[in-house]
Amino acid sequence: MEQECWGRIRSELLSSLGKDAFTNWIDPMELLEAGGRVAQFSVPTSFIGNWVSRNYGESILGMLQAEGLKVDRLDFRTVSAAKAAPDVTRTEAKAAPVVDLPGSPLDSRFTFDSFVVGKPNELAHAAARRVAEGGQVTFNPLFLYGGVGLGKTHLMHAIAWETQAIRPEARVLYLSAEQFMYRFVQALRFKDMHSFKEQFRSVDVLMVDDVQFIAGKNSTQDEFFHTFNALVDQGKQIVISADRAPGEIEGLEERIKSRLQWGLVVDLHPTDYELRLGILQSKAETQLKTMPDVQMDAGVLEFLAHRISSNVRVLEGALTRLFAFASLVGREINLDMTQECLADILRASERKVTVEEIMRQVADHYHLRMSDLLSPRRARSVARPRQVAMFLSKMLTSKSLPDIGRRFGGRDHTTVIHAVKKVEELKMTDSQIAEDVELLRRMLEA
Ligand code: ADP
Ligand code: MG
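Predicted, not measured: the structure shown is a model, and the values here were computed from it. (Residues numbered from 1 in each chain as written. Chains lettered and ligands numbered in written order. Predicted model: local features only at pLDDT ≥ 70, side-chain atom pairs only at ≥ 80, totals over all residues. Heavy atoms only, no water.)

**Q** In this structure, what is going on with the pairing of strand β7 (residues 237-242)? I would like to understand it.
**A** For β7, the tally of buried residues reaches 6 of 6 residues, placing the bulk of the element in the interior. With burial as the criterion, each face of β7 is covered, one bearing Gln237, Val239 and Ser241 and the other bearing Ile238, Ile240 and Ala242. Relative to β7, strand β6 (residues 205-209) runs parallel, the two being bridged by 4 bridges. Across the sheet, Met207 pairs through a bridge with Val239, a residue of β7. Between the parallel elements β6 and β7, the chain passes through helix α10 (residues 218-233) in a crossover that is right-handed. (Buried < 20%, exposed > 50% of the residue type's maximum accessible area, 1.4 Å probe, protein only. Helix = DSSP H or I, 4+ residues; strand = E, 2+ residues; numbered from the N terminus. Pairing = 2+ DSSP bridges. Right-handed = clockwise from strand over helix to strand, strands pointing away.)

**Q** Would you mind going over the sheet that holds strand β3 (residues 71-78) with me for this structure?
**A** Adjacent strands of a sheet form backbone hydrogen bonds with each other and so pair up, either parallel or antiparallel. The strand order β1-β2-β3 describes an open sheet built from 3 strands, whose pairing is mixed. The open sheet has two free edges, formed respectively by β1 (30-35) and β3, since each of these has just one partner strand. In this sheet, adjacent strand axes meet at a mean angle of 20° when their direction is disregarded. Sheet topology places strand β2 (residues 37-43) next to β3; 7 bridges connect them, and they run parallel. Bridging from a neighbouring strand, Arg37 pairs with Val71 of β3. Against the sheet, helix α1 (residues 2-17) engages β1 and β2, with an angle of about 125° to β1. Helix α3 (residues 46-66) rests against β2 and β3 of the sheet, and its axis sits at about 155° to β3. (Axes fitted to C-alpha atoms, helices over the stretch in contact; angles between N-to-C directions. Contact = heavy atoms within 4.5 Å.)

**Q** Explanation requested: the sheet that holds strand β4 (residues 142-146) in the structure shown.
**A** In spatial order, the strands read β5-β6-β7-β4-β8; together these 5 strands make up an open sheet with parallel pairing. Since the sheet does not close on itself, it has two edges, and those belong to β5 (172-176) and β8 (264-268), each with one partner. Taken over all neighbouring pairs, the strand axes of this sheet differ in orientation by 15° on average, direction set aside. Strand direction decides the pairing type here: β4 and β7, joined by 4 bridges, are parallel.

**Q** How should the side chain of Arg384 be read in this particular structure?
**A** Within the fold, Arg384 resides in helix α19 (residues 380-396). Although Arg384 lies buried, it forms no salt bridge, and the closest oppositely charged side chain, Asp430, sits 5.9 Å away as judged by the N-O distance. Contact partners of Arg384, with chain neighbours within four places excluded, come to Lys422, Leu426 and Ile433. (Lys, Arg positive; Asp, Glu negative; His and termini not counted. Salt bridge = Lys/Arg side-chain N within 4 Å of Asp/Glu carboxyl O.)

**Q** Is there a simple way to think about the site of ligand 1 in this case?
**A** Of all residues adjacent to ligand 1, which total 18 residues, the nearest are Gly149, Lys152, Thr153, His154 and Glu316. Measuring from a nitrogen atom of ligand 1, one finds a side-chain N or O atom of Asn121 at 3.2 Å. Contacts to ligand 1 include Gly149, whose backbone N or O atom sits 2.7 Å from an oxygen atom. With the chains in place, 94% of the 560 Å² that ligand 1 exposes on its own is no longer accessible. Classifying every residue of the shell around ligand 1 by side-chain character gives 7 nonpolar, 7 polar and 4 charged. (Near = heavy atom within 4 Å. Polar contact = N/O pair within 3.5 Å; in protein donor to acceptor, adjacent residues only side chain to side chain. Areas by Shrake-Rupley, 256 points an atom, 1.4 Å probe, with all protein chains shown as cover. Nonpolar A, V, L, I, M, F, W, Y, C, P; charged D, E, K, R; others polar.)

**Q** Which parts of the structure should I look at to understand α19?
**A** Spacing of three or four residues puts side chains on the same side of an α-helix, whose turn is 3.6 residues. Between its first and last C-alpha, α19 extends 24 Å over 17 residues, near the 24 Å set by a 1.5 Å rise per residue. Of all 17 residues making up α19, 15 are buried, and the element is well covered by its neighbours. (Expected span 1.5 Å × (residues − 1).)

**Q** Got a minute to help me understand the packing of α1 against helix α2 (residues 19-26) in this structure?
**A** Helix-helix packing is characterised by the crossing angle of the two axes and by the distance between the axes. Where α1 contacts α2, the axes come no closer than 7 Å and their chain directions differ by 135°. On the basis of the axis angle, α1 is oblique to α2. Between α1 and α2 lies a crossing whose hand is right-handed. On the side of α1, the interface is formed by Trp6, Arg10, Leu13, Leu14 and Leu17, while α2 contributes Lys19, Ala21, Phe22 and Ile26. A per-class count over the contact of α1 with α2 returns 7 nonpolar, no polar and 2 charged. (Parallel < 35°, antiparallel > 145°, perpendicular 65-115°, else oblique. Left-handed = near helix turned anticlockwise from the far one by under 90°.)

**Q** Explain unusual backbone geometry to me, please; I cannot follow it from the model alone.
**A** With an omega of 0°, the peptide bond running from Asn140 to Pro141 counts as cis. Structurally, the position occupied by Pro141 is in the loop between α6 (122-133) and β4. If you check the backbone angles, His367 has positive phi at about 55° while not being a glycine. Along the chain, the position of His367 falls in the loop between α17 (355-365) and α18 (370-374).

**Q** What should I look at first to understand the side chain of Thr111 in this one?
**A** Within the fold, Thr111 resides in the loop between α5 (91-95) and α6. Ignoring sequence-local partners within four residues, the contact set of Thr111 consists of Arg54, His154, Ala158 and Trp161.

**Q** How do you make sense of the pattern of salt bridges when you look at a structure like this?
**A** When the charged atoms of two side chains lie near each other, side chains of opposite charge can form a pair. Applying the stated rule across the entire model yields 22 salt bridges. One salt bridge connects Asp27 with Arg10, and the closest N-O pair in it is separated by 2.8 Å. Highlighted residues: Asp27 in the loop between α2 and β1 and Arg10 in helix α1, separated in sequence by 17 residues. Residue Arg10 is classed as partly exposed on the basis of its relative accessible area of 23%.

Okay, here's the thing in structure tokens:
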């Protein structure tokens, strides 16, 4: 009965997914049993299990339920030669390319789809795409480097996901350099070097993350070097990441440094304002999907992109905290709430622009004197620039509203609030103002 249901679901999936996807993902699965509210499937690799669960899990569950099966969860059990007989050498494993590889788990969020591309990372992104497409190995290794939180690990996981999607038969192994060392040391201890070597030399794509970790660890470096050479000789793709360029990793043997430079060395540059804003927009969209009740003011993301210029992980953390806070206390996310909620993060990434500098630049830009901005004059030719300057003061410094008001000729904080709102509105409707603000911001931040 279960198997008949599964048979029907399979044919439905075949017609809805198409032959290729069906052959790659659904065909290798077997329904083992559906009882105790769990439908258990066997899959040849945990990768296939993860993929199916991530992409088709909900539909399959729905279809099982529609067939009248009392299940509310899917479970994937990897049935592989490796698990069944962990002690044997890997000769059998080689014959059957479905054996699980000893890699690190892949984060399902780290895909090309969720990677926002901007000037600072476009080359790295393009190279990663090229590697994932497969075909002729044109640069080997691909060496990605850059500061913390700029997306190296994200790109490597994306390569793994994409490669598996395009070529499910390819054996992709992703692991941190630390894990590489751990495996190596274990193999030495258990006198299991043969299978260690076999494992690593039978992959099609090897990715080692944070390779600076093995600097100074000499026997691990040696083994890494041999593995590396063996794979390159077989025309297999290698992707390496590190926090700095190959030549700058201290404690790394010269021959390894030079070997790492044979391929394509690409760096991920620190993020710029546009990229940060793009990333924030994409992450906020994702968050809003899960918390549709949360309201967010338009200027908040821009504010964060201005003010948090360190790594993307900090940006993400800030956004997560804002959403958590907003949904807990039921408040909308606006500038004030943001400044309050993220005071620590904002302080840590404070830029040293002063209100006086802002006034000077703004006055200059509009051909006014600084004293005009402080004066009580209300003519639009003075009032607008004054509002722009107040807006920028709120955006670029961490001065409080009353404080900003005081510096603008002893005005009230409500005047500042009004100015901020006004400029935010005008930026949407008046392209001249939008340009002015953008230009001033760039000059002040330069
Ligand atoms: P690294 O390995 O370089 O230290 P990660 O790849 O771990 O950095 O990235 C840190 C966080 O920032 C991750 O959550 C990642 O998804 C996110 N991230 C970094 N760059 C981007 C980008 N261009 N688009 C979307 N998310 C990004
Ligand atoms: Mg990383």
